[in-house]
Amino acid sequence: MRPPVAPPVAPQVDPLVGITCDYQGGDKSPPEGSAPYYFLAEAYVQAVSLCGGIPLILPDIEGSNPAAVIDRLDALLISGGNFDIDPALYGETPHPELGILKPRRTAYELGLLRAALAKDIPLLAICGGLQLLNVHLGGSLYQHLPAQCDSRVQHEQKGKEKAAAHALSVEPKSTLHDILGTAEIMVNSTHHQAIKKLGEGLNAVALAPDGIIEAVEIPAHRFALGVQWHPEALINNHPVWKKVFERLIQKAGPE
Ligand SMILES: [Mn+2]
């Protein structure tokens, strides 16, 4: 008699999490005269790796096909950066305090967002990523909060990013609340823009004390969360923020 054959066990494969990055051209932007290069804060990569994902940095390449990239990924993380989104994308003319634009990066990230939402792979959009998600869904932005919003909240904190700077109230019925297990928490804050008109299909799930929207979710999707702060920079001092990345990666794995 042959021994019974054990059913095949699917190998455990860590989810592949694509992370968008920044680009510095060999043009007038500083450092002047240097060769062009891509770059990304290490904290994003560490957070994904620490929480069980394989991080993969996604360079914006002129003329590339974002949908082909999304086809290979299990989850997408749109990172932040020191630049703004072209207000023409939400039908406004530039405010005098509008920062620099990165049209090639924005176009690439919009393509990735569109494909990720169409395929319904888990999405985490951080800082500028949240703003782009909002614009992609028909929303608009405050182009320069200090001039456009009467607030005492420091959304451009003076201290280091790894320290929390302002309070946040979290909607009790949201996924974010389910992840964190609390309705009140402190976050860091390094943004001069913010959501003005909320995009279609988005739920605002966290507010700063001045009413600025700091987190959004798309309830119709498997997992689509946008946060205005930088959880990846808080993990070392406040391990609770690991839970955001753990949820992203859990949702990216087999159901
Ligand atoms: Mn803030």
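Right above here is the structure, for reference.
To keep things clear, this report deals only with the structure shown in the data block. Values in this document were obtained by computation on a predicted structure and should not be read as measured data.

Below, the discussion takes up the side chain of Glu-109. Residue position: Glu-109 is located in helix 3 (residues 103–119). Under the relative-accessibility criterion, Glu-109 is labelled buried at 3%. In this structure the side chain of Glu-109 is engaged in a polar contact, spanning 2.6 Å, whose partner is the side chain of Thr-20. Apart from residues lying up to four places away in sequence, Glu-109 is in contact with Thr-20, Ile-78, Ser-79, Phe-83 and Leu-132.

Let us look at the nonpolar core. Within the largest apolar cluster, 33 residues are counted, with the highest numbers of intra-cluster contacts made by Leu-77, Leu-124, Ile-126, Leu-176, Trp-229, Trp-241 and Phe-245. If we skip the residues at most four places from it in the chain, Leu-124 touches Leu-76, Leu-77, Ile-78, Leu-225, Val-244, Phe-245 and Leu-248.

Ordered by their spatial adjacency, 9 strands build an open sheet running 4-1-5-6-13-12-11-8-9, and the pairing between neighbours is mixed. Strands with a single pairing partner mark the edges of an open sheet, and in this sheet they are strand 4 (54–58) and strand 9 (184–187). Across this sheet, the average inter-strand angle for adjacent strands is 25 degrees, counted without regard to direction. As defined by bridge partners, strand 8 (residues 166–170) adjoins strand 11 (residues 203–207) across 2 bridges and the pair is classed as antiparallel.

What follows is about the packing of aromatic side chains. Counted according to the given criterion, the structure contains 3 aromatic pairs. Ring plane angle 50 degrees and centroid distance 5.7 Å describe the contact between Tyr-37 and Phe-39, whose orientation is recorded as tilted. Residue Tyr-37 is classed as partly exposed on the basis of its relative accessible area, which comes to 33%. Each ring, one from Trp-229 and one from Trp-241, has its centre 5.5 Å from the other, and the planes form 65 degrees; the classification is edge-to-face. Here Trp-241 lies in the loop between helix 7 (231–234) and helix 8 (242–252) and Trp-229 lies in the loop between strand 13 (224–227) and helix 7, a separation of 12 residues in the sequence. Trp-241 matches Trp-229 in its accessibility class, with the two residues each being buried. Between the NZ or CZ atom of Arg-104 and the centre of the ring of Tyr-23, over which it lies, the distance is 3.9 Å.

Cut-offs used in this document
- Residues numbered from 1 in each chain as written.
- Predicted model: local features only at pLDDT ≥ 70, side-chain atom pairs only at ≥ 80, totals over all residues.
- Heavy atoms only, no water.
- Helix = DSSP H or I, 4+ residues; strand = E, 2+ residues; numbered from the N terminus.
- Buried < 20%, exposed > 50% of the residue type's maximum accessible area, 1.4 Å probe, protein only.
- Polar contact = N/O pair within 3.5 Å; in protein donor to acceptor, adjacent residues only side chain to side chain.
- Contact = heavy atoms within 4.5 Å.
- Core = buried A, V, L, I, M, F, W, Y, C linked by side-chain atoms within 4.5 Å.
- Pairing = 2+ DSSP bridges.
- Axes fitted to C-alpha atoms, helices over the stretch in contact; angles between N-to-C directions.
- Phe/Tyr/Trp six-rings, centres within 6.5 Å; stacked < 30°, edge-to-face > 60°.
- Lys NZ or Arg CZ within 6 Å of the ring centre and 35° of its normal.

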